[in-house]
Amino acid sequence: ASSIRKGGVVLYYLKSENENSRFAVRVGRGAFKRAVDRNRAKRIARECFRISKSRFRGSFDLLVKIERDDNLFLYKNLQQTVSALLNQSKILSEKNE
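Notes on the structure in this doc start here. (Residues numbered from 1 in each chain as written. Predicted model: local features only at pLDDT ≥ 70, side-chain atom pairs only at ≥ 80, totals over all residues. Heavy atoms only, no water.)

**Things to note about the pattern of salt bridges**
Move 1: Taken as a whole, this structure holds five salt bridges when the rule is applied.
Move 2: Residue glutamate 67 pairs with arginine 5 through a salt bridge whose shortest N-O separation is 2.6 Å. On the criterion of sequence distance, the pair formed by glutamate 67 in the loop between β4 (60-66) and α2 (75-88) and arginine 5 in strand β1 (residues 2-6) is long-range, its members being 62 residues apart.
Move 3: Among the residues examined, glutamate 67 registers a relative accessible area of 28% and is labelled partly exposed.
Move 4: Between arginine 34 and aspartate 37 there is a salt bridge; the shortest N-O distance is 3.4 Å.
Move 5: For aspartate 37, a relative accessible area of 15% corresponds to the buried category.
Move 6: In this structure, a network of salt bridges that share partners links the residues Arg5, Lys65 and Glu67. (Salt bridge = Lys/Arg side-chain N within 4 Å of Asp/Glu carboxyl O. Helix = DSSP H or I, 4+ residues; strand = E, 2+ residues; numbered from the N terminus. Buried < 20%, exposed > 50% of the residue type's maximum accessible area, 1.4 Å probe, protein only.)

**Some points on the packing of aromatic side chains**
Move 1: Throughout the structure, instances matching the rule amount to three aromatic pairs.
Move 2: Aromatic side chains phenylalanine 23 and phenylalanine 49 sit 4.5 Å apart centroid to centroid with 10° between the ring planes, which places their arrangement in the stacked category. Taken together, the residues span a long stretch of sequence, with phenylalanine 23 in strand β3 (residues 22-27) and phenylalanine 49 in helix α1 (residues 35-52) at a distance of 26 residues.
Move 3: Taking the relative accessible area as the measure of exposure, phenylalanine 23 reaches 22% and is therefore partly exposed.
Move 4: Sitting over the face of the ring of phenylalanine 60, lysine 15 holds its NZ or CZ atom 4.9 Å from the ring centroid. (Phe/Tyr/Trp six-rings, centres within 6.5 Å; stacked < 30°, edge-to-face > 60°. Lys NZ or Arg CZ within 6 Å of the ring centre and 35° of its normal.)

**Topic: empty space enclosed by the protein**
Move 1: Applying the stated criterion across every chain yields a total of one cavity of 30 Å³ or more.
Move 2: Taken as a whole, the largest cavity spans an internal volume of roughly 40 Å³.
Move 3: Every residue lining the largest cavity is listed: Val9, Leu11, Phe23, Val64, Val82, Leu85 and Leu86.
Move 4: Listed by contribution, the elements that provide at least two residues to the lining of the largest cavity are β2 (9-15) and α2.
Move 5: In terms of residues, the lining of the largest cavity owes the most to one element, α2, which gives three residues. (1 Å grid on protein atoms, 1.4 Å probe; cavity = no way out; pocket = protein on both sides within 12 Å on 5 of 7 lines; lining within 4 Å. Points joined across faces, edges and corners; volume = space filled by probe spheres on them.)

In structure tokens, the structure reads:
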């Protein structure tokens, strides 16, 4: 599997044999002490995946690992970081909006 890191977020990705892409999020206690905060970070990351998956070049297995809080708790910061990682990994096709 290939990986890309930006700030406290790591994206692991692998081309999948399945027809559907799969996505997982891991947020450790080192990133956010409270479960409420970890769950919110997971929801934000899953939303970024949901918005972007129509632009995927094929199907992929993805894992987003949030290792530490670099002001990622703000929706825009985490959304921008995950989107930047997806773009940098060349998983997404060109914008067709």
